[in-house]
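Here is how the chains run, residue by residue.
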Amino acid sequence: MTNKTTATSGRHIFPLLLLTVAGFTFNTSELIPIGLLTDIAADFGVTEARAGLLITVYAWVVALMSLPLMLLFARMDYRRLMLWVVGVFFISHIGSVISTGYYTLMASRIGVALAHSLFWSIAPAMAVAVCPPEKRATALSTLVAGGGIALIAGLPLGRILGLIAGWRATLGALGALAGLVWLGLRFRFSPLPRPDNGESRKAMIAGLIHCKPLLMIYIITAVIVTGHYTGYSYIEPFMAKVAGLPESAITFTLSLFGVAGLLGSYITSKWFSRYSRRFILGACFGLPLMMLLILPATSVNPLLLSIVCIFWGMAMTIYNISFQNEIITLFPTDSAVPMSFYSGIFNLGIGAGAFVGGFIVDHSLIDEIGYIGGVIALSAATYALFFYMPARPKTTT
């Protein structure tokens, strides 16, 4: 009896692990231009700001297409849809590897972005669906930890591989990993039917429009992510040109974001249900505070800069997990559509941040990038304190 119960309770482990690996792959692909921005720009003979448009366009495609694609494929079961998503991701990476110029690379990255549009719309709901109800927070934290591992391992290792063998080799490796994920989904992942029909979907969309806490989450996310990516999108040239760090130190510092993300994910999974208000406010205010400290820390020593980056990375990860928990609390039976909105708005912030950051870099204000991004994020944190917190859902378990 005990062995059977243990086996039953552990059936979710491989599917959740597979989704986490997929999350790592998708997030690494999204982030990798940040670590190789200078090399991509040099290869195609464009400015760093123009190369940064690869980040902006990618994010805006995700922002614009998350909800339309989710609605288009609303009747498809999760597993089948995820197979198509990972397949498009794989093919698009092949296109990136064989791209012959800046615009062909941009076209292939748009293909990756279309896959990304659906992945983060359904992956959180899939992670929750394969796990027992009491493991919801753990499932989300594990999935988001894939993003943290993308920062600690994917981004720095991809950067190292890119510096050694070229950025095409990095994108090719990500495509190969996506192929393995596709095989796992095809042969080891059971179908997960959609939990509703078209009529309930229409009712849910109407419910989204009238859900005040959810709309506030979207407003806060759009602004705070814009502030974050204003600085983070150009952190590599900032550390090289302003902080004067060598290549090895830049790679190490970028990996600290991932270490912090894993730590933040673990802490959130353990204590978010008991201290949810503190987690939300700590992340909302901690993120802009760390950004505002980037330049002062740089002027002191690299060690202090590393410490600031650790807390910055923790704040961003805790923010993401916290508000995904809030969305699932608001829509516990089917969170795919509100999560697709969230994913789209999150990426709208990424694109806006990369665009603002590129404008700053073009006007030779790269040393001020932390201040500008920090002020943007601080405005969202202040809004969260005075407007969202009084209206947030009462329970998050």
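As a further point, take the pattern of salt bridges. Considering all chains together, one arrives at two salt bridges under this definition. Glu236 is the partner of Arg159 in a salt bridge, and the nearest nitrogen-oxygen pair spans 2.9 Å. Placement of the pair is Arg159 in helix H8 (residues 136-165) and Glu236 in helix H12 (residues 235-241), with a sequence separation of 77 residues. Comparing Arg159 with Glu236, the two get one shared label, buried. Two residues, Arg392 and Glu326, come together in a salt bridge whose shortest N-O distance is 3.0 Å. Of this pair, Arg392 sits in the segment after helix H18 (369-391) while Glu326 sits in helix H16 (residues 302-330); the two residues are 66 residues apart in sequence, bridging distant segments of the chain. For the pair Arg392 and Glu326, one class covers both residues: buried.

Another aspect to go through is the nonpolar core. Formed by 83 residues in total, the largest nonpolar core has its most connected members in Tyr232, Trp312, Tyr319, Tyr342 and Tyr388. Considering each element in turn, this core owes the most residues, twelve residues, to H16. With sequence-adjacent residues up to four places away left out, Tyr319 is seen in contact with Ile217, Ile220, Thr221, Ile224, Ala283, Cys284 and Tyr342.

In this fold, Tyr229 is placed in helix H11 (residues 212-232). According to the relative accessible area criterion, Tyr229 is buried, its value standing at 8%. With sequence-adjacent residues up to four places away left out, Tyr229 is seen in contact with Leu31, Ile34, Phe346, Gly349, Ile350, Gly353 and Ala354.

Its 29 residues place the ends of helix H7 (residues 102-130) 41 Å apart at the C-alpha level, agreeing with the 42 Å of an ideal helix rising 1.5 Å per residue. The sharpest bend along H7 comes to roughly 30°, located at Ile122, with the proline Pro124 sitting one to four residues further on. Summarising burial for H7: 22 of the 29 residues are buried, a large majority.

All told, the structure shown has 14 aromatic pairs when counted by the stated rule. On the numbers, 5.6 Å between centres and 55° between planes, the contact of Phe44 with Trp167 is tilted. With Phe44 in helix H3 (residues 37-44) and Trp167 in helix H9 (residues 167-188), this pair connects stretches of sequence that are 123 residues apart. Classification of Phe44 by relative accessible area gives buried; the value is 17%. For Trp167, a relative accessible area of 5% translates into the label buried. Here the aromatic rings of Tyr229 and Tyr232 are separated by 5.8 Å at their centres, their planes lie at 80°, and the arrangement is edge-to-face. Of this pair, Tyr229 and Tyr232 both sit in helix H11, three residues apart, which is roughly one turn of the helix. Given a relative accessible area of 2%, Tyr232 falls into the buried group. For the cation-ring pair, Arg186 lies above Phe187, with the distance from its terminal atom to the ring centre recorded as 5.1 Å.

This next bit is on a nonpolar patch on the surface. A grouping of Val300, Leu303, Leu304, Ile307 and Phe311 is seen on the molecular surface, where their side chains present a nonpolar patch of about 470 Å² in accessible area. Among the elements that line the nonpolar patch, the one with the most residues is H16, at four residues.

Moving on to the confidence of the model for the chain. In the predicted model, the chain carries a mean pLDDT of 83, and 89% of its residues have values of at least 70. This model gives residues 1-9 a pLDDT under 50, and the stretch forms zero contacts once residues within four places in sequence are excluded.

The subject of this paragraph is the packing of helix H5 (residues 53-72) against H7. Closest axis-to-axis distance for the H5/H7 pair is 7 Å, and the angle between their directions is 40°. Here H5 is positioned oblique relative to H7, judged by the angle of their axes. Considering how the two elements wind past one another, H5 and H7 form a crossing that is right-handed.

Here Ser276 lies in helix H14 (residues 276-292). Judged by relative accessible area, Ser276 falls into the buried class, the value being 9%. Polar side-chain contacts of Ser276 include one of 3.1 Å to the side chain of Arg392.

Analysis parameters
Residues numbered from 1 in each chain as written. Predicted model: local features only at pLDDT ≥ 70, side-chain atom pairs only at ≥ 80, totals over all residues. Heavy atoms only, no water. Salt bridge = Lys/Arg side-chain N within 4 Å of Asp/Glu carboxyl O. Helix = DSSP H or I, 4+ residues; strand = E, 2+ residues; numbered from the N terminus. Buried < 20%, exposed > 50% of the residue type's maximum accessible area, 1.4 Å probe, protein only. Core = buried A, V, L, I, M, F, W, Y, C linked by side-chain atoms within 4.5 Å. Contact = heavy atoms within 4.5 Å. Expected span 1.5 Å × (residues − 1). Bend = angle between axes of the 7 residues up to and from the residue. Phe/Tyr/Trp six-rings, centres within 6.5 Å; stacked < 30°, edge-to-face > 60°. Lys NZ or Arg CZ within 6 Å of the ring centre and 35° of its normal. Patch = residues over 30% accessible without salt bridge, like charges linked within 9 Å, V, L, I, M, F, W, Y side chains within 5 Å. Areas by Shrake-Rupley, 256 points an atom, 1.4 Å probe, with all protein chains shown as cover. pLDDT = per-residue confidence, 0-100. Axes fitted to C-alpha atoms, helices over the stretch in contact; angles between N-to-C directions. Parallel < 35°, antiparallel > 145°, perpendicular 65-115°, else oblique. Left-handed = near helix turned anticlockwise from the far one by under 90°. Polar contact = N/O pair within 3.5 Å; in protein donor to acceptor, adjacent residues only side chain to side chain.

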